[in-house]
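# Working through the structure, step by step
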Amino acid sequence: MIHFFVAQTQNTNLVAGVSLCAPIFTLMIALGDIFGIGGSSVISRLFGQKQDEEGKNVSGFCFYGAIVCGILVSLIMMIARKPILTILGTNQATLPYASQYYTYMALGATLIIVSLTPSNLMRTEGLATESMIGTITGSIINMILDPIFILYLNMGAGGAAIATIIGYFASDLVFIYLTLKKSKKLSISLKHTHITNEVISIFTIGIPASITNLMSSFAMAMTNNYLVTYGNDKVAAMGIVLKINMIVLLVMIGFAFGAQPLLGYNYGAHNTKRLKEIIKFDLFVEITFAVITSIILALFTSSFIKIFMNDPSIIQAGTLMLRFLLLSSPCVGIILVFTTLFQSEGKALPALLLSIGRQGIVFAIFLLLSNIFGYYGIISSQMIADIITAIIALILYKIYK
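What comes next is a walk through the structure. All figures in this text were calculated on a predicted structure; none of them were measured in a lab. (Residues numbered from 1 in each chain as written. Predicted model: local features only at pLDDT ≥ 70, side-chain atom pairs only at ≥ 80, totals over all residues. Heavy atoms only, no water.)

### Regarding helix α13 (residues 301-308)
Owing to its 3.6 residues per turn, the α-helix brings residues three or four apart onto one side. Among the residues making up α13, those that are buried are Thr-301, Ile-305 and Phe-308. Here the buried residues of α13 occupy an arc of 45° about the axis, which is enough to place them on one side. (Buried < 20%, exposed > 50% of the residue type's maximum accessible area, 1.4 Å probe, protein only. Helix = DSSP H or I, 4+ residues; strand = E, 2+ residues; numbered from the N terminus. Arc of directions from axis to C-beta.)

Below is the structure:
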């Protein structure tokens, strides 16, 4: 929702400035995934093997590991602030807005990174509703504060970042409370924080999982750097398009990671028949949802973009960008299913290959080739990368099943 309220300022440079900093937010999510997804993968398998005490120890390590990681990220981002903003593709017009957003997000990095841990770990114990409550609480607070800070108090990009940080802080408080009150197998106590073989295995899955979002951050930064040569309005349009497309992707990600505890549990329990049934159902849900939502969004693309900004150049550019992305949405569903499967099974190599594929190596190759095809090559690169990576996912499943 940040982009919606930022776009209501009708300031193209402000929207572009916030869009240029989007990779920073994705980077924080990626680092949180090390402890959230890595931890949930290990814990779900431990629970499937009835090793509850070891699972509790892993959860404690993940919580405090995320805190330490967040503090280090804040320090690094503040020290390297100027060069990072340059790498992100800021220019004289967008720098003031990007700098405001970046600074507050850097200061609040710990709150964002920590929230990814309990939101993922709680699902391993079947506390999906509690996980949802924590996430929704932060989102609602963020949505309430965004228009107040951005529009009524005229705090612009800085206000958008502050609202985000406060929202994540609220989520963290709810997650901590619910873990203490509802969970019987998870812990945030220091006495359950020990370095063991199970803890080490967090990183063998968590790091490949985090690379997925790191690659997303990399992809956004590369795309913005290529698009900025065509004007700040193209960067602003891409920022809006990615937020609209994210509505579809977040639901698909929710389906995929919602199945992860079941996949890990049945794999740990050696229930192969049940595991295959879950995979088939997961694929059906992902692809069906992607097709239906893509058709709806493709039919009313310009109307959705107008909700954000009623600027003819942005509407025209954004309509084509979004339709390209929507064409490969079913492929993204396939990638998500097999990525979470490999993570749940603790198969680090195929999980890593898919993590660095869609928005990493495969995407980079086609984006670099876009020099041949110019602007249209840039905006079609992600679509092509999605299709190729989905094929790779199916091949890896055949090899590792």
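From this point, the narrative continues.
### Examining the pattern of salt bridges
For the coordinates displayed, the defined rule picks out two salt bridges. A salt bridge links Lys-234 to Asp-233, with the shortest nitrogen-to-oxygen separation between them at 3.5 Å. Taking the relative accessible area as the measure of exposure, Asp-233 reaches 18% and is therefore buried. Between Arg-274 and Glu-277 there is a salt bridge; the shortest N-O distance is 3.5 Å. A residue pair is termed a helical-turn pair when its members lie 3 or 4 positions apart in one helix, as Arg-274 and Glu-277 do in helix α12 (residues 272-299) at three residues. Look at Arg-274 and you get partly exposed, because its relative accessible area is 41%. With relative accessibility at 39%, the residue Glu-277 sits in the partly exposed group. (Salt bridge = Lys/Arg side-chain N within 4 Å of Asp/Glu carboxyl O.)

### Describing the nonpolar core
If you look at the biggest cluster of nonpolar residues, it comprises 49 residues, and the most contacted ones within it are Met-28 and Tyr-101. Counting residues per element, the ones that place at least two in this core are α2 (12-20), α3 (22-48), α4 (52-79), α6 (95-107), α7 (109-121), α9 (156-182) and α10 (197-227). When residues in this core are grouped by element, the largest group, ten residues, is from α3. Counting 41 residues, the second-largest nonpolar core is a separate cluster that includes Ala-219, Val-241, Met-252 and Ile-314. (Core = buried A, V, L, I, M, F, W, Y, C linked by side-chain atoms within 4.5 Å.)

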